[in-house]
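# Observations on chain architecture
Below are the chains, spelled out letter by letter.
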Amino acid sequence: DAGVTQSPTHLIKTRGQHVTLRCSPISGHKSVSWYQQVLGQGPQFIFQYYEKEERGRGNFPDRFSARQFPNYSSELNVNALLLGDSALYLCASSLGPVNQPQHFGDGTRLSIL
Amino acid sequence: GENVEQHPSTLSVQEGDSAVIKCTYSDSASNYFPWYKQELGKRPQLIIDIRSNVGEKKDQRIAVTLNKTAKHFSLHITETQPEDSAVYFCAASIRHTNAGKSTFGDGTTLTVKP
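Quick notes on the rules
Residues numbered from 1 in each chain as written. Chains lettered and ligands numbered in written order. Predicted model: local features only at pLDDT ≥ 70, side-chain atom pairs only at ≥ 80, totals over all residues. Heavy atoms only, no water. Core = buried A, V, L, I, M, F, W, Y, C linked by side-chain atoms within 4.5 Å. Buried < 20%, exposed > 50% of the residue type's maximum accessible area, 1.4 Å probe, protein only. Helix = DSSP H or I, 4+ residues; strand = E, 2+ residues; numbered from the N terminus. Phe/Tyr/Trp six-rings, centres within 6.5 Å; stacked < 30°, edge-to-face > 60°.

## Comments concerning the nonpolar core
In terms of nonpolar packing, the biggest core is built from 24 residues, with Trp-35, Phe-73, Leu-75, Tyr-88 and Leu-110 of chain B touching the most fellow members. Elements represented by at least two residues in this core include exactly strand E2 (10–14), strand E3 (19–25), strand E4 (30–38), strand E5 (45–51), strand E7 (62–67), strand E8 (72–77), strand E9 (86–96) and strand E11 (108–113) of chain B. Among the nonpolar cores identified, the runner-up in size contains 22 residues, and Val-4, Ile-26, Phe-60 and Tyr-89 of chain A belong to it.

Laid out in structure tokens, this is it:
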């Protein structure tokens, strides 16, 4: 069975641009969460989606948005990119939204120049 | 919001020794505590988890203990092997109105010397 897949693997953008990151969950998983991981730190929670609805949001500005599609895949959008947005963006899927084991993808490495 | 502190930030042990990593959390409503192992350049992988209605859980060489009163939980790895070398993250998860939000610690870099 395929695990959580994310695309692209690497991305280079400049300040002010926008970016869209994609995630496909494990088959059967209906919940997708997004995390930002800065080097040397643990993942920071950005969003959780379940059944196409936003179920949780972390302390990130409105420049960050996301959505979940009927097939449970998800996109993370970031507008007006800042240098500080450079990080590894991880997607995790789980069967349900509450206290279920999360399975991470390999992440998208975003670099802002 | 929830705050998770993890100690130590680095840990070096000899092969065969035990390793212990400790985490404390601030929100007594947290009720799910997973541990992840992340090797360099790879995804975090769930290695063990524990729920708040359980005090201890063991899976071969790995065990986790939870003290709800003190709001801390620990990862114990026995008979360490070089392949255990990685960054380990603890997390605390709170259930809020049909959603789960996980707060991670900053990680412990474990080095197992052969």
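Let's pick the thread back up.
## Concerning the packing of aromatic side chains
All names here are of chain B. In this structure the tally under the stated criterion is twelve aromatic pairs over all chains. Judged by centre distance (4.8 Å) and plane angle (45°), the ring pair of Tyr-25 and Phe-33 falls under tilted. Residue classification places Tyr-25 among the buried residues on the basis of a relative accessible area of 5%. Given a relative accessible area of 0%, Phe-33 falls into the buried group.

## Some thoughts on unusual backbone geometry
Cis geometry marks the peptide bond from Ser-7 of chain A to Pro-8 of chain A; its omega dihedral reads -10°. Tracing the chain through its elements places Pro-8 of chain A in the loop between strand E1 (5–7) and strand E2 (10–13). A cis amide bond links His-7 of chain B to the next residue, Pro-8 of chain B, at an omega of -5°. By secondary structure assignment, the location of Pro-8 of chain B is in the loop between strand E1 (4–7) and E2. Phi at Ala-80 of chain A takes a positive value of approximately 45°, unusual for a residue other than glycine.

Any functional reading would require information beyond the geometric quantities listed.
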